[in-house]
Amino acid sequence: MRALTALLFVALVAGVVWSFAVAPERGWWMPTSASSVGDDVDRLFHGITALIAVAFVGVVGWLAWLVWRGTRATNERALTNHGNARLEGVWTIVTGAILLTLAIVQLALWNTMQSARASDVKPLARVVAAQFEWRFRYPGVDAVFDTADDFETPYRLVVPVGERVTLELRSKDVIHGFFVPAFRLKQDVLPGSALRTWFEARSIGEYDVVCSQLCGAGHYRMAGKIQVVARADFDAWQSSMQLAWNSNGKEKP
Amino acid sequence: MHRNLDRLPGPARGVVSLLLVTLGSCGFDPTPGSLQFSLSKATIEATRDDLAARASIEHEITALFGTASDPRFTASDAWPSAAAADHSTSASIPDLVRSGRNYARECLACHGVEGGGDGPSAYGLNPKPRDFRNGIFKYTALKDQSRPRRLDILRTLEQGVAGTSMPNFQRLSSTEREGLAEYVRFLSVRGEVESVLVATWKEEGEINADTAHEAASIVWSRWLKSDSKLVVFDGDVPLSTPERIARGDALFHDGLKGNCLSCHGATGAGDGPAAWKIGVDGKREPAYLDAWGEPIRPRDLRDGVFRGGARPIDLYRRIYAGIPGGPMPALGEAQTKDGAPLVTPDEIWCLVHYVRSLSQRGEAP
């Protein structure tokens, strides 16, 4: 029985390590990074995961050994311990140092990712979140929102590849989360605020937009797409959208 | 169960309706056969004292339209060909049975099994989900209060209805959406036939297969007229210029021309005197009810949220053809006393640009 209990902990460690090891090839991992910051985010993520893995394997392995040893049927007296100041000091300083290092290491990347907040660049589009859909508003040729040449599309945000794209995020009702897993981009969208975020897509393709804040009953179906196209295609798309926006009703309704 | 909610005490009602709203739309996928078409409340009310008539109405409806697990439209051979006529990719639209299952997964939670706008999540939504059963659809590209074409329903599925709980459904494939539009049309025709049957029964005292078929062909003929009712504009859409906006401003406030201010108010805030009255409790309440019996408020045009679409042509169609089911009039069809058109198409464009300008503050981003 005691062997079984201890084995349970060993199996837990082995199972977790195995699932992480096979995750990428089985498609359990994150989608391939497709933005300029994606690889840096992944490096940071992998580094932190490795640190946690060492701690996890150490702690649970040690626990398994304690279970094995502690359940021996002997008359050995239990050890009474009223604390060990040196041990506590060591683990406080070591973990503190690790956390501080992480905080410093990620600063540059964090500042890069948050740099749209202060920038005075005009956003390419406005993202309007609502229960339960994404709508995208483009400012048109004058690059100013809320003018006569704006146009809107639900669901699909089209952006040029290889360029820094700034978005303005707004919500009509509750807090939503603008999450593009392939871009490693996640920014909450707050009602009453016009927050900004940015990304630079590295490759042409279609990427999922999901909502990362539980926003109500339809949260799970609050889906959208980002379509990354070449600059020329983007310009052509924009002019065709503008033409369609000023339809006289004779083609599709 | 949700129909009995009103009997519960306040707090219990709150908890139960919260549960219903939370759980009601959890994307359940009912097994075929577990859903059943019921008669509408109005039919049940009308046949309260004649259960035999109720049974024969239900029998004829089922004969014409099948059951929820086996929906079909038997009354018209024209259905499949008319369905194929108004779009180009008819090849692989799911049939009514498959679309019925998609409807149960995607739409039923709000719109209900029969399209009565009474699904489990409908409680507490404002505006309420549309009840399709009277055949009235507010946002189409058509005039004369026509029944929608499939393309009109499809556009609502593609674009959603801004400012309401109706989202867009672009995450479904276009053929799935076409199938859903078809199913919505099916439910709508079914609901209309049901009310025609009740009216026929009231008039003639009985219902049989012949009267049912006649009712179905009367209803279906309304839907076949729609293709000739499209509102379009000859030529390019006039641009928004300060002159046109000023002209639109004048028309908006001209009681003999646009007369928009009577409902939408002088500032477009939706507070015009004609749209509101003082209720029995001394509070201001909407003066009009819509075709579904709900109080209807004029749109606050300063928000820039346009349910039927925000393109200029969408607003043009709203002003030209009115909005079925509510008091918004068809200005494009209105005439003066001597038979001349009340406003010209160009004047409608001026109104469109003026209305759009109310929400175009030109904020520097």
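All values derive from a computational prediction rather than experimental measurement.

## Some words on the overall build of chain A
When helices and strands are tallied, chain A shows five helices and ten strands. In summary, chain A has a C-alpha radius of gyration of 26 Å against a globular reference of 18 Å for 253 residues, an excess of more than 25%. With the C-alpha coordinates aligned to their principal axes, the bounding extent of chain A is approximately 95 × 35 × 35 Å. Relative to all contacts within chain A whose residues are 6 or more apart in sequence, the contacts with residues 24 or more apart total 68%.

## As for the overall build of chain B
Helix and strand counts for chain B stand at 13 helices and four strands. Per-residue burial for chain B yields a buried fraction of 41% across its 365 residues. In chain B, 65% of the contacts between residues at least 6 apart in sequence involve partners at least 24 apart.

## Brief notes about the environment of Ile278 of chain B
Residues and elements named next belong to chain B. Relative to the helices and strands, Ile278 resides in strand β1 (residues 276–278). Residue classification places Ile278 among the exposed positions, given that 10 C-beta atoms sit within 10 Å. Remark: the alpha-carbon pair of Ile278 and Asp300, spanning 22 residues in sequence, is separated by 19 Å.

## Quick word on the domain arrangement of chain A
All names here are of chain A. Domain annotation for chain A reports domain 1 (2–70 + 87–113) and domain 2 (125–245). Spacing between the C-alpha centres of domain 1 and domain 2 amounts to 34 Å. Class assignment for the residues of the side of domain 1 that touches domain 2 results in five nonpolar, five polar and no charged.

## Description of the sheet that holds strand β8 (residues 195–200) of chain A
Residue and element names in this part refer to chain A. Reading across the sheet, the five strands line up as β3-β2-β1-β5-β8 and stay open at both edges, with mixed pairing between neighbours. Where the open sheet ends on each side, the last strands, each with one partner, are β3 (151–154) and β8. If you compare each strand with its neighbour and ignore which way they point, the axes differ by 30° on average. Sheet topology places strand β1 (residues 125–130) next to strand β2 (residues 133–138); five bridges connect them, and they run antiparallel. Within β2, the position partnered with Val128 by the bridge is Arg135.

## Points about helix α1 (residues 2–26) of chain A
Residues and elements named next belong to chain A. Spanning 25 residues, α1 covers 34 Å between terminal C-alpha atoms, matching the ideal 36 Å at 1.5 Å per step. The largest bend in α1 is about 30°, located at Phe20, with the proline Pro24 one to four residues further on. Of all 25 residues that make up α1, zero are buried, and the element is exposed over most of its length. Positive backbone phi, approximately 75°, marks Gly27, located one or two places after α1.

## Examining the domain arrangement of chain B
All names here are of chain B. Assigned domains of chain B: these are domain 1 (2–227) and domain 2 (242–357). Between domain 1 and domain 2, the contact holds 16 residues from the first and 16 residues from the second. Among the residues making up the side of domain 1 that touches domain 2, the classes are represented as seven nonpolar, five polar and four charged.

## With respect to the interface of chain B and chain A
Reports often express the size of an interface as the amount of accessible area lost when the parts come together. Facing 37 residues of chain B, the contacting portion of chain A comprises 28 residues. Ranked by residue count, the leading element in the side of chain B that touches chain A is helix α7 (residues 150–159) of chain B, at four residues. Within the side of chain B that touches chain A, the residues separate by chemical class into 15 nonpolar, 14 polar and eight charged.

## Brief notes about the pairing of strand β7 (residues 185–189) of chain A
All names here are of chain A. Judged by which residues are buried, β7 turns out to be one-sided: Leu185, Gln187 and Val189 face inward and are buried, whereas Lys186 and Asp188, on the alternate face, are not. Pairing analysis gives five bridges linking strand β6 (residues 176–180) to β7, with the strands arranged antiparallel. Bridging from a neighbouring strand, Val180 pairs with Leu185 of β7. Where β6 hands over to β7, the hairpin turn is made up of four residues, of which Arg184 adopts a positive phi near 55°.

## Observations regarding the packing of helix α12 (residues 312–321) of chain B against helix α13 (residues 345–357) of chain B
All names here are of chain B. The interhelical angle for the contact between α12 and α13, taken along N-to-C directions, is 120°, at an axis separation of 9 Å. With respect to each other, α12 and α13 are oriented oblique. Every pair of crossing elements has a handedness; the one defined by α12 and α13 is right-handed. Where α12 abuts α13, its residues Pro312, Leu315, Tyr316, Ile319 and Tyr320 lie against Ile348, Trp349, Leu351, Val352, Val355 and Arg356. Residues that form the contact of α12 with α13 fall into these classes: ten nonpolar, no polar and one charged.

## Considering the nonpolar core
Soluble globular proteins: nonpolar side chains tend toward being buried together. Core analysis: the largest hydrophobic core is formed by 36 residues, its most contacted members being Leu180, Tyr183, Val184, Val193 and Leu197 of chain B. Among the elements of the structure, α3 (51–65), α5 (96–106), α6 (108–111), α7, α8 (174–204) and α9 (209–224) of chain B are those that each provide at least two residues to this core. If one sorts the elements of this core by residue count, α8 of chain B sits on top with eleven residues. Discounting chain neighbours no more than four positions away, the residues touching Val184 of chain B are Gly115, Phe132 and Ile153 of chain B. Residues Val159, Leu167, Ala182 and Trp198 of chain A belong to the second largest nonpolar core, which totals 30 residues.

## Structural notes on the sheet that holds strand β9 (residues 205–211) of chain A
All names here are of chain A. With mixed pairing, the five strands of this open sheet are ordered in space as β4-β10-β9-β6-β7. Single-partner strands in this sheet number two, and they are β4 (156–160) and β7. The mean angle between the axes of side-by-side strands here comes to 25°, regardless of whether they run parallel or antiparallel. Where helix α5 (residues 231–245) meets the sheet, its contacts fall on β4 and β10 (224–229), and the angle it forms with β4 comes to roughly 135°.

## Re the packing of α8 of chain B against α9 of chain B
Residue and element names in this part refer to chain B. At their nearest, the axes of α8 and α9 sit 9 Å apart, and the two run at 130° to each other. The orientation of α8 with respect to α9, classified from their angle, is oblique. When the axes of α8 and α9 are compared, the crossing they make is right-handed. Residues Val189, Glu192, Val193, Val196, Leu197 and Thr200 of α8 form the contact with α9, whose participating residues are Thr211, Ala212, Ala215, Ala216, Ile218, Val219, Trp220 and Trp223.

## Quick notes on unusual backbone geometry
Following Gln131 of chain A, the chain continues into Phe132 of chain A via a peptide bond in cis, with omega recorded as -5°. Note that Phe132 of chain A resides in the loop between β1 and β2. Here the bond from Asn126 of chain B into Pro127 of chain B is cis, since omega is 0°, no more than 30 degrees from zero. Even without a glycine there, the phi angle at Asp146 of chain A is positive, about 60°. Mapped onto the elements of the fold, Asp146 of chain A is located in the loop between β2 and β3. With 17 C-beta atoms counted inside 10 Å, the residue Asp146 of chain A sits in the partly exposed group.

## Points about the pairing of β4 of chain A
If a strand is regular, its side chains alternate between the two faces of the sheet. Residues and elements named next belong to chain A. Taking burial as the measure, the five residues of β4 include four buried ones, the bulk of the element. Two strands pair when backbone bridges link them, and β4 and β10 are joined in this way by five bridges, in the parallel orientation. Within the sheet, the bridge partner assigned to Leu157 lies in β10 and is Ile226.

Quick notes on the rules
- Residues numbered from 1 in each chain as written.
- Chains lettered and ligands numbered in written order.
- Predicted model: local features only at pLDDT ≥ 70, side-chain atom pairs only at ≥ 80, totals over all residues.
- Helix = DSSP H or I, 4+ residues; strand = E, 2+ residues; numbered from the N terminus.
- Rg over C-alpha atoms; globule rule 2.2 N^0.38 Å.
- Contact = placed C-beta atoms within 7 Å.
- Buried ≥ 20, exposed ≤ 12 C-beta atoms within 10 Å, placed from the backbone.
- Domains from an automatic or database assignment.
- Nonpolar A, V, L, I, M, F, W, Y, C, P; charged D, E, K, R; others polar.
- Pairing = 2+ DSSP bridges.
- Axes fitted to C-alpha atoms, helices over the stretch in contact; angles between N-to-C directions.
- Expected span 1.5 Å × (residues − 1).
- Bend = angle between axes of the 7 residues up to and from the residue.
- Parallel < 35°, antiparallel > 145°, perpendicular 65-115°, else oblique.
- Left-handed = near helix turned anticlockwise from the far one by under 90°.
- Core = buried A, V, L, I, M, F, W, Y, C linked by C-beta atoms within 7 Å.

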